[in-house]
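Spelled out from the first residue to the last, the chains are:
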Amino acid sequence: MTNAPQSPVDWDEVPPPVDADRPRRRVSGWTVLRIVVCAFGLFSLAFWGYWSWILPWPGYLFAIGTPLFAAVVWFLFRSPRSPIDTDVVGKVIVETALVIAAGACWVSIGLPLVGLVFVLVAALSGVVAFRRETA
């Protein structure tokens, strides 16, 4: 029978955690803002896809297909683990196109202020992310 640690004083006998050799990722406020911007962009595309069609089936298809298409484009060209090696200019073009598309969705629905605020926050988030990637 092995001696299991009985109190917090017995730290020498406790094995290290399984992922002790892996560095921990720091989550900052900018990372959280980036995630919120991406999620709101996908929501904007889905909301536009549903709201812009009179009949229910095209709305359902566009509500699912539009954000799915945007997510696939983002994964292929902008993601940190993208299978297609894209330079910085290509990444900026793809991200700018996706942000403008999501902002234009709000303008076409009739809420231009929401689209403008989204584009400004997404631009700030994109500039900070770009600076962090190139630093």
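Reading guide: rules and limits
- Residues numbered from 1 in each chain as written.
- Predicted model: local features only at pLDDT ≥ 70, side-chain atom pairs only at ≥ 80, totals over all residues.
- Heavy atoms only, no water.
- Helix = DSSP H or I, 4+ residues; strand = E, 2+ residues; numbered from the N terminus.
- Expected span 1.5 Å × (residues − 1).
- Buried < 20%, exposed > 50% of the residue type's maximum accessible area, 1.4 Å probe, protein only.
- Contact = heavy atoms within 4.5 Å.
- Salt bridge = Lys/Arg side-chain N within 4 Å of Asp/Glu carboxyl O.
- Polar contact = N/O pair within 3.5 Å; in protein donor to acceptor, adjacent residues only side chain to side chain.

Remarks on helix 4 (residues 112–134)
(1) Moving on: Spanning 23 residues, helix 4 covers 32 Å between terminal C-alpha atoms, matching the ideal 33 Å at 1.5 Å per step.
(2) Moving on: When helix 4 is considered as a whole, its buried residues turn out to be Gly115, Phe118, Ala122, Ser125, Gly126, Val128 and Ala129.
(3) Moving on: Contact partners of the buried residues in helix 4: helix 1 (29–51) and helix 3 (88–109).

Section: the pattern of salt bridges
(1) Moving on: As enumerated under the stated definition, the model contains 3 salt bridges in all.
(2) Moving on: We note a salt bridge from glutamate 95 to arginine 78, for which the minimum N-O separation is 2.8 Å. Here arginine 78 lies in the loop between helix 2 (56–77) and helix 3 and glutamate 95 lies in helix 3, a separation of 17 residues in the sequence. An identical accessibility class is assigned to glutamate 95 and arginine 78; each is buried.
(3) Moving on: Salt-bridge contacts for arginine 78 lead to glutamate 133; the nearest nitrogen and oxygen are separated by 3.0 Å. Here the residue arginine 78 occupies a position in the loop between helix 2 and helix 3, and glutamate 133 occupies one in helix 4, the gap between them amounting to 55 residues.
(4) Moving on: On the accessibility criterion, glutamate 133 (47% relative accessible area) is partly exposed.
(5) Moving on: When salt bridges with common partners are traced through the structure, they connect Arg34, Arg78, Glu95 and Glu133 into a single cluster.

Brief notes about the environment of arginine 34
(1) Moving on: Here arginine 34 is to be found in helix 1.
(2) Moving on: Residue arginine 34 is classed as buried on the basis of its relative accessible area, which comes to 16%.
(3) Moving on: C-alpha separation for the pair arginine 34 and valine 121, spaced 87 residues apart in sequence, amounts to 9.3 Å.
(4) Moving on: If near-sequence neighbours (up to four positions away) are discounted, arginine 34 is found in contact with Arg78, Glu95, Ser125, Gly126 and Ala129.

Digging into the side chain of arginine 78
(1) Moving on: When its relative accessible area of 5% is taken as the criterion, arginine 78 is described as buried.
(2) Moving on: A polar side-chain atom of arginine 78 sits 2.8 Å from a polar atom in the side chain of glutamate 95.
(3) Moving on: Excluding anything up to four places from it in sequence, arginine 78 contacts Arg34, Val73, Lys91, Val94, Glu95 and Glu133.

That's the geometry; what it means functionally is another story.
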